[in-house]
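Here is how the chains run, residue by residue.
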Amino acid sequence: QVQLVESGGGLVQAGGSLRLSCAASGRTVSTLDMGWFRQGPGKEREFVASILRNSGFINYAGSVKGRFTISKDSAKNTLYLQMNNLRPEDTAVYYCAADSDVGYVPTGAHLYRYWGQGTQVTVSS
């Protein structure tokens, strides 16, 4: 069983930065495909970024490409999402997700069995 705990959310002005963390337990992050999703007010949960366990292949949603960076620290068993140049439309609850194998198109929420509780990110204009 994998447990995921997110932290690092908060209130920031447009143009600011935040770094989200997702501490994993039960498995090492090097053995997991991992991703970040978000759900804004009145919206569906959407893919943000992912990193695959074997290849290290990284994928971003078009809306965050060039502004967000996903990374893993195996020593700390933690997944990160560095978010720069934040916009009001980035306001959402951000979730960390993981699974043993999500395949080669890791953008679907249904592919991930393990989820964190979410952390709120609010970007003011």
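Residues numbered from 1 in each chain as written. Predicted model: local features only at pLDDT ≥ 70, side-chain atom pairs only at ≥ 80, totals over all residues. Heavy atoms only, no water.

K.L.:
Run through the sheet that holds strand β8 (residues 78–83), naming residues and quoting values.
P.N.:
Spatially, the 4 strands line up as an open sheet ordered β1-β3-β8-β7, and their pairing is antiparallel. At either margin of the open sheet sits one strand with a lone partner, and together these are β1 (3–7) and β7 (68–73). Strand-to-strand twist across the sheet, computed as the mean angle between neighbouring axes with direction ignored, equals 15°. Bridge count for strand β3 (residues 18–25) against β8 is 6 bridges, and the pairing is antiparallel. Counted as the bridge partner of cysteine 22 is leucine 79 from β8. (Pairing = 2+ DSSP bridges. Helix = DSSP H or I, 4+ residues; strand = E, 2+ residues; numbered from the N terminus. Axes fitted to C-alpha atoms, helices over the stretch in contact; angles between N-to-C directions.)

K.L.:
Can you explain the nonpolar core? Please cite residues and give values.
P.N.:
Side chains of nonpolar character tend, in soluble globular proteins, to be buried together. Among the nonpolar cores identified, the biggest contains 36 residues, and Leu4, Met34, Trp36, Leu81, Met83 and Tyr94 are the most heavily contacted of them. Only β3, β4 (33–39), β5 (46–51), β7, β8, β9 (92–99) and β11 (119–124) provide two or more residues apiece to this core. Considering each element in turn, this core owes the most residues, 5 residues, to β9. Setting aside its immediate chain neighbours within four residues, methionine 83 contacts Gly16, Ser17, Leu18, Leu20, Arg67, Phe68, Tyr94 and Val121. (Core = buried A, V, L, I, M, F, W, Y, C linked by side-chain atoms within 4.5 Å. Buried < 20%, exposed > 50% of the residue type's maximum accessible area, 1.4 Å probe, protein only. Contact = heavy atoms within 4.5 Å.)

K.L.:
Go over the pairing of β7, please, and point to the residues and values.
P.N.:
Strand direction decides the pairing type here: β7 and β8, joined by 6 bridges, are antiparallel. Across the sheet, residue phenylalanine 68 finds its bridge partner in β8, namely methionine 83. Between the antiparallel neighbours β7 and β8 lie 4 residues, among them asparagine 77 with a positive phi of about 50°.

K.L.:
Requested: an account of the state of the cysteines, with residues and values cited.
P.N.:
Evaluation of the coordinates by the stated rule reveals 1 disulfide. A sulfur-sulfur distance of 2.1 Å marks the disulfide that ties cysteine 22 to cysteine 96. On the S-S bond that ties cysteine 22 to cysteine 96, the torsion sits near -70°, and the link is left-handed. Placement of cysteine 22 in strand β3 and of cysteine 96 in strand β9 is noted, with a sequence separation of 74 residues between them. Like cysteine 96, cysteine 22 is buried. (Disulfide = S-S within 2.5 Å.)

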